[in-house]
Amino acid sequence: SIQRNLVTKTAVAVPFGEGKNAAGRRRRMDETMFYFEEDPQEKRQPRRWWRRRRGQPKTKPEDVIIRTRRGRELPIPQTLRYYSSDWLRILAEMRESMILNRIFIIVASNVAWAAAVVLFHKFVWAIPTEPSTGPGMLKSALGYLLVFRTNSAYNRFWEGRKIWQEVVDKSRQLARYMVLYEQEIGTERARQVIRLVRAYCLTLKQHLTSYDATETKYIEEELLTKEEAESLRSWKRARPLFIAGRLEMLLQHSPFEGIFRGEDRLTVVGVARDIGGTLASCERIVQTPIPLNYARHTSRFLTLWIMLLPVTMVGDLGWLALPVTAFVTWAFFAIQEIGLVIEEPFSVNYLPLNVFCRSIFEDTETELALLGGDEGGDNATAHDGVHPHRNFPSTAMPPFF
């Protein structure tokens, strides 16, 4: 059977025998929480509940699973989900938490402040305890503030997901139109439209994250004509904007004959225009963060509230105020940090953009196969930018997927 490593996205062939050995391999595969070893032949280490299997990749929120815990392959790739049975493992992995590492200095600073308060209380002046003042009166307001802050961040995350779903849906729709109107548009022109759709999703991903030399080389050599690649290199603005403009122009200059005219023609061009419009939607999220004054006020309010906390507890708890302060600081600042992380869904890769791009490539692979060979259609003309004799790979997947 074929199983995939979820971090490197590479396929590893593991032969499953029969009898007890096969059952043991399957059981161990289920116990590893979707993760498969890079080298199945290496000596397996004994598993302990308080630590991961040696060599097993760390669980990441952005990881994508392709199998269920029982080994059944999923038809749709999914990101990791929380199950109630995972509570002990997740608690044991707390020291490796990304959020905890990001706020560790804040937690340590507040614990040091609590220690200073306790020392002052014991050796300088006994601080009177009054639980009805200070943090006790502000905890409700702080809770509402953090909830509103987290909801605002999640709305930005979900908006980014909806935008990329529109990219996937419109790409599938345009590819189906190319098969439907192949005779009117021309085989080579239809294939080139699909290649531009593929190029758009890759350039959009690069525009939102970072440019990769391997992906850029693939776009210029495999998906674009030589003239388009040269124009893209000299393009000074957003690269997806060039691809979107080229896509609309290619459809606009297609032959105006047969059934591909009037309303049908406007529909196809409208789908291409909708694909290009997703660039502005993504840039709106990147260029418009949550107002800085609001984020600063939340941080200041939370910091002062936690600094007052040991002052009100030291009379009753003494040195126990230190662990209580550490726990409360971790709980509240972690909520704030989660909001800061997910409000930029493209920068931290919480949205699996590679998975979306791969889905577009896989979905358009069928349409490219239905469009026939690379010899070009009768309606393909060189002066429109279509090169009917250029040898494009038809259904080959990129090497970086």
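Residues numbered from 1 in each chain as written. Predicted model: local features only at pLDDT ≥ 70, side-chain atom pairs only at ≥ 80, totals over all residues. Heavy atoms only, no water.

Draft legend 1. Quick peek at the environment of Arg191. With respect to the secondary-structure elements, Arg191 resides in helix α7 (residues 187-208). When its relative accessible area of 0% is taken as the criterion, Arg191 is described as buried. Taking the C-alpha atoms as reference points, Arg191 and Ala175, 16 residues apart in sequence, are found 8.8 Å from one another. (Helix = DSSP H or I, 4+ residues; strand = E, 2+ residues; numbered from the N terminus. Buried < 20%, exposed > 50% of the residue type's maximum accessible area, 1.4 Å probe, protein only.)

Draft legend 2. Seen up close, the packing of α7 against helix α10 (residues 239-252). Contact pair α7 / α10: the axes reach a minimum separation of 8 Å and the direction vectors enclose 165°. By the angle class used here, α7 and α10 are roughly antiparallel. The handedness of the crossing between α7 and α10 is left-handed. Contact residues: α7 offers Arg189, Gln192, Val193, Leu196, Val197, Ala199, Tyr200, Thr203, Leu204 and His207, while α10 offers Arg239, Pro240, Ile243, Ala244, Arg246, Leu247, Leu250 and Leu251. Counted by class, the contact of α7 with α10 contains twelve nonpolar, three polar and three charged residues. (Axes fitted to C-alpha atoms, helices over the stretch in contact; angles between N-to-C directions. Parallel < 35°, antiparallel > 145°, perpendicular 65-115°, else oblique. Left-handed = near helix turned anticlockwise from the far one by under 90°. Contact = heavy atoms within 4.5 Å. Nonpolar A, V, L, I, M, F, W, Y, C, P; charged D, E, K, R; others polar.)

Draft legend 3. Examining helix α12 (residues 292-317) more closely. Its 26 residues give α12 an end-to-end C-alpha distance of 37 Å, which sits within 8% of 38 Å, the value for a rise of 1.5 Å per residue. Taken together, the buried positions of α12 are Ala295, Thr298, Phe301, Leu302, Trp305, Ile306, Leu309, Pro310, Thr312, Met313 and Val314. Remark: Gly318 follows α12 within two positions and exhibits a positive phi of approximately 65°. (Expected span 1.5 Å × (residues − 1).)

Draft legend 4. Summary view of the side chain of Gln336. Secondary-structure assignment places Gln336 in helix α13 (residues 321-342). You can call Gln336 buried: its relative accessible area is 7%. When near neighbours in sequence (up to four residues on either side) are disregarded, Gln336 contacts Leu146, Ala295, Thr298, Ser299 and Leu302.

Draft legend 5. Spatial organisation of the nonpolar core. Ranked by size, the top nonpolar core spans 78 residues in total, and within it Trp164, Leu174, Met178, Leu202, Leu204, Leu251 and Phe346 carry the most contacts. If one sorts the elements of this core by residue count, helix α5 (residues 135-180) sits on top with 13 residues. Among residues more than four places away in sequence, those in contact with Leu174 are Val193, Val197, Leu247, Leu251, Val268, Val271, Ala272 and Ile275. (Core = buried A, V, L, I, M, F, W, Y, C linked by side-chain atoms within 4.5 Å.)

Draft legend 6. Region of the structure containing a nonpolar patch on the surface. A cluster of nonpolar side chains, Leu119, Phe120, Phe123, Val124, Trp125 and Trp319, forms an exposed patch at the surface whose accessible area comes to about 690 Å². Mapped onto the elements of the fold, Leu119 is located in helix α4 (residues 104-123). For Leu119, a relative accessible area of 39% translates into the label partly exposed. (Patch = residues over 30% accessible without salt bridge, like charges linked within 9 Å, V, L, I, M, F, W, Y side chains within 5 Å. Areas by Shrake-Rupley, 256 points an atom, 1.4 Å probe, with all protein chains shown as cover. Salt bridge = Lys/Arg side-chain N within 4 Å of Asp/Glu carboxyl O.)

Draft legend 7. Expanded view of the confidence of the model for the protein. Mean pLDDT over the protein works out to 78, with 71% of the residues at or above the 70 mark. Every residue in residues 1-20 scores below 50 in pLDDT, and together they form 44 contacts with partners more than four places removed in sequence or on other chains. pLDDT under 50 marks residues 387-395. Its contacts with residues more than four places away, or in other chains, come to 31 contacts. (pLDDT = per-residue confidence, 0-100.)

Draft legend 8. Quick peek at the pattern of salt bridges. For the structure shown, the criterion picks out 13 salt bridges. Asp274 serves as the salt-bridge partner of Lys170, at 3.5 Å between the closest nitrogen and oxygen. With Lys170 in helix α5 and Asp274 in helix α11 (residues 263-287), the pair connects residues that are 104 residues apart, well separated along the chain. Among the salt bridges present, the one from Arg246 reaches Glu228, with a minimum N-O distance of 2.4 Å. On the criterion of sequence distance, the pair formed by Arg246 in helix α10 and Glu228 in helix α9 (residues 226-233) is long-range, its members being 18 residues apart. We classify Arg246 as buried; its relative accessible area is 10%. When its relative accessible area of 4% is taken as the criterion, Glu228 is described as buried.

Draft legend 9. Quick look at the packing of aromatic side chains. Within the structure shown, the criterion is met by eight aromatic pairs. Plain terms: the ring middles of Trp235 and Phe242 are 5.4 Å apart, the flat faces sit at 55° to each other, and that makes the pair tilted. Given the relative accessible area of 26%, Trp235 is considered partly exposed. (Phe/Tyr/Trp six-rings, centres within 6.5 Å; stacked < 30°, edge-to-face > 60°.)

Draft legend 10. Summary view of helix α8 (residues 213-223). Residues of α8 that are buried include every one of Glu215, Thr216, Tyr218, Ile219, Glu220 and Leu223, and no others. Those residues of α8 hidden inside the fold are in contact with α7, α9, α10 and α14 (353-370). The distance from a side-chain oxygen at the start of α8 to the backbone nitrogen of Thr214 is 3.0 Å, and the residue carrying that oxygen is Asp212. (Polar contact = N/O pair within 3.5 Å; in protein donor to acceptor, adjacent residues only side chain to side chain.)

Draft legend 11. Inspection of the state of the cysteines at higher detail. Applying the stated rule across the entire model yields zero disulfides. Considering cysteine sulfurs only, Cys357 is the nearest to Cys201, which forms no disulfide, with 4.1 Å between them. Residue classification places Cys201 among the buried residues on the basis of a relative accessible area of 0%. Overall, Cys357 belongs to the buried group, its relative accessible area being 0%. (Disulfide = S-S within 2.5 Å.)

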